Amino acid sequence: MSKSAGFFNLSLDKILSDDQSFLDQARIRLLYYGLGIVFIALASLLSNVYYQHQPLITYTAVAMLVCTVISFKFLTYNGNWRVISHGLLILATAVNLLDVFYTFQNVNIVTIQMVILVVIFSFYMLGQTYGIFYSILNLIPVLIFLVVQYNHAYFIQFKPEQIDQSTIIIAVFANFILLIYIHSHFYTAFYLNIQELKKTSEDQAVLNEKLGSAIDKAEKSSQAKSEFLSTMSHEIRTPLNAVIGMSNLLLMSNPRHDQRENLEILKFSGSNLLAIVNDVLDFNKIESGKVIFENIGFNLTELMQAICGGQKIKAAEKGLLFNLDIDDSLNTKVLFGDPTRITQIIFNLVSNAIKFTKEGNIGVSCSVIEDRHNTITVNFAVKDTGIGIDQHNIDTIFEPFAQESITTTRQYGGTGLGLAIIKRLLELQGLKMNVNSVVGHGSEFSFNMEFPVSTEQHVPRVDNKLPLQANDTLNHIRMLIAEDNVVNVMLMKKLLSKWNITPTIAENGERAVQLVQYGNFDIILMDLQMPIMNGFDAAIEIRKLPDPKKANVPIIALTASALFDIRERVFNSGMNDYVSKPFKPEELLEKIHTLTVQI
Ligand code: ADP
């Protein structure tokens, strides 16, 4: 880009700028100094031919001198080197043709020099296409002249001008100087360019190295953070499980009314704390990109009913009406997706709706908005008549650890992680959450999700089972518990004693495998995180045992982990089912019952 400047300012600096490439800067410099050399050469040539009274050459020299001055002025005025290059090349071509066919009617050393100058100048200044164009324009007439003259066919009614030796010397010398100058100038420019490139690539290598080590450091620190969080969460969860488990046990032993109330508070606080720890861990996992979505068949109606079952009771306790509205067409469909993550999202939204609503109602709906037979798009919406959210805060509440205001924390508790987790879970699936909310009137959170649909029809489960009671049928069960934590072992023993089960204890996975080899068990409860051999490996070893009865013993995994991909790992290592700690006693009882019923 040229800089604008005064008319009489002839400095080179005003037409050079850092925006120009090195090559373009070299081109401008070449023109600037080259035109100076040409001017001196032409001036000396002119004075020489003028005194020899050779009008044609004199006029030509004068015309060239004027063109040189105009070009120089034009260059220093707006720096358009391209136009000037074309102008100079056209001029040189014209002079060349004039020399060959008119002035000298000969191809002498000056003509050859001029052709070479045009070739070099056009390629360096204007690139390959124009280089070829101007080269041919100058070469072909010279060749034609030589051929025609050779055949003695050349005839022109004009006597060529004879120039003396000194003029020839000046022209030849000036042309050589120009040839050398152009070459040396561009050689310097290319050399500098190469040096610069070398330096840039060296600088880049140093930068890359720095970048690499910075990325390494960042990855290591993020890894360390993740590990720290998961270790801490595990460490916190283990005693917390014991607290919740103990409260469960005490609640089962018919406490007095006042004791029951205290125990309920203990259990509620423990569960809340556990939910927070799980949220932190889950958020950390999502942030580090370790989430894998499952793609398993499930029925959305049954899933939604299961999610909302407990929530309905909570809403009723607060005097809220709860309405679950599911599109009838979903009753018989088997969809493919990740029910665990859907549960997490809906559960969180409904919990918030109940938490932030004092009176009125909560509405949860699943409506089919597009049915293309093999895929289906469902709109999920959770609506409440609660406190609502200010429009300005709608984006903020999806940020991690963000709540609408300090008062929210004080009044309602919570960590501000729920919506951040939901938002990221949806984003990872390319989905977006919509929020409509009016302060004081209520909020609606909704999103659309597409599911592949199975060709099979879903057969609704007939659930006429009576609540399971522990009875004498279980007391003959031979149970092995693989668990390293003494508090958990004590807890399990106490709980099982209520069902008349006396378990054998293995303190790690390896011991569990040995015990199965030498003893007979009807069911194994397998903790997953144990020293020496973890629960997954122990299950794999047990499944490999030669005795088919032992190899096929039912195994229920006990997971302290809130991680959602645990389910797949549990089944992949051959275990039959899992319960998450702190487990609900009835849930464990039901699973034990189901797996041992054939005994
Ligand atoms: P938490 O519920 O633990 O505070 P969330 O991430 O689930 O964290 O929610 C963030 C904030 O968004 C809440 O603190 C609350 O201010 C606001 N919020 C979420 N859901 C609702 C709702 N249904 N009604 C009103 N405010 C809500």
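Presented here is a report on the structure given in the accompanying data block. (Residues numbered from 1 in each chain as written. Predicted model: local features only at pLDDT ≥ 70, side-chain atom pairs only at ≥ 80, totals over all residues. Heavy atoms only, no water.)

1. Remarks on the nonpolar core
Item 1. Counting 49 residues, the largest nonpolar core has L300, M304 and F380 as the members making the most contacts within it.
Item 2. Sorting the residues of this core by element identifies α6 (257-287), α7 (300-317), β2 (321-326), α8 (339-355), β4 (361-371), β5 (375-384), α10 (418-428) and β7 (442-457) as the ones contributing at least two each.
Item 3. Excluding anything up to four places from it in sequence, M304 contacts L324, I326, I346, V364, C366 and F380.
Item 4. Listed in part, the 39 residues of the second largest apolar core include L16, A26, L31 and V118. (Core = buried A, V, L, I, M, F, W, Y, C linked by side-chain atoms within 4.5 Å. Buried < 20%, exposed > 50% of the residue type's maximum accessible area, 1.4 Å probe, protein only. Helix = DSSP H or I, 4+ residues; strand = E, 2+ residues; numbered from the N terminus. Contact = heavy atoms within 4.5 Å.)

2. Re the environment of K14
Item 1. Take K14: it is sitting in the segment before α1 (22-51).
Item 2. Each C-alpha atom of the pair K14 and G79 lies 8.5 Å from the other, and the pair is 65 residues apart in sequence.
Item 3. From its side chain, K14 meets the backbone oxygen of T76 in a polar contact 2.9 Å long. (Polar contact = N/O pair within 3.5 Å; in protein donor to acceptor, adjacent residues only side chain to side chain.)

3. Comments concerning the packing of α6 against α10
Item 1. Two numbers describe how α6 lies on α10: the axes approach to 10 Å, and their chain directions differ by 30°. In terms of axis orientation, α6 runs roughly parallel to α10. In this structure, the crossing between α6 and α10 has a hand that is left-handed. Within the contact between the two elements, α6 uses D279, D282, F283, I286 and E287 and α10 uses G418, A420, I421, R424, L425 and L428.
Item 2. Grouping the constituent residues of the contact of α6 with α10 by class yields 6 nonpolar, 1 polar and 4 charged. (Axes fitted to C-alpha atoms, helices over the stretch in contact; angles between N-to-C directions. Parallel < 35°, antiparallel > 145°, perpendicular 65-115°, else oblique. Left-handed = near helix turned anticlockwise from the far one by under 90°. Nonpolar A, V, L, I, M, F, W, Y, C, P; charged D, E, K, R; others polar.)

4. Quick word on the site of the ligand
Item 1. In the vicinity of the ligand, 21 residues are found, and the nearest of them are N352, D384, Q403, T415 and L419.
Item 2. At a separation of 3.0 Å, an oxygen atom of the ligand approaches a polar side-chain atom of K355.
Item 3. A distance of 3.5 Å separates a nitrogen atom of the ligand from a polar side-chain atom of S443.
Item 4. Listed by contribution, the elements that provide at least two residues to the shell around the ligand are α8, α10 and β7.
Item 5. With 3 residues, the top contributor of residues to the shell around the ligand is α8.
Item 6. The residue inventory of the shell around the ligand, partitioned by class, reads 9 nonpolar, 9 polar and 3 charged. (Near = heavy atom within 4 Å.)

5. What about the side chain of D527?
Item 1. By the element assignment, D527 lies in strand β10 (residues 523-527).
Item 2. Look at D527 and you get buried, because its relative accessible area is 4%.
Item 3. Discounting chain neighbours no more than four positions away, the residues touching D527 are A482, E483, D484, G535, L558 and K581.

6. Brief notes about the sheet that holds β10
Item 1. In space, the 5 strands of this open sheet follow the order β9-β8-β10-β11-β12, with parallel pairing throughout. What marks the edges here is a single partner per strand, and that holds for β9 (504-506) and β12 (577-580). Each neighbouring strand pair of the sheet contributes to a mean axis angle of 20°, computed without reference to strand direction.
Item 2. Both strand β8 (residues 479-482) and β10 contribute to a ladder of 4 bridges, which runs parallel. Considered in β10, the bridge of A482 is made with M526.
Item 3. Strands in contact with helix α11 (residues 486-498) are β8, β9, β10 and β11 (555-559); relative to β8, the strand with the most contacts, it is inclined by about 155°.
Item 4. Sheet strands touched by helix α16 (residues 585-596): β8, β10, β11 and β12. Its angle to β12, the strand with the most contacts, is close to 170°. (Pairing = 2+ DSSP bridges.)

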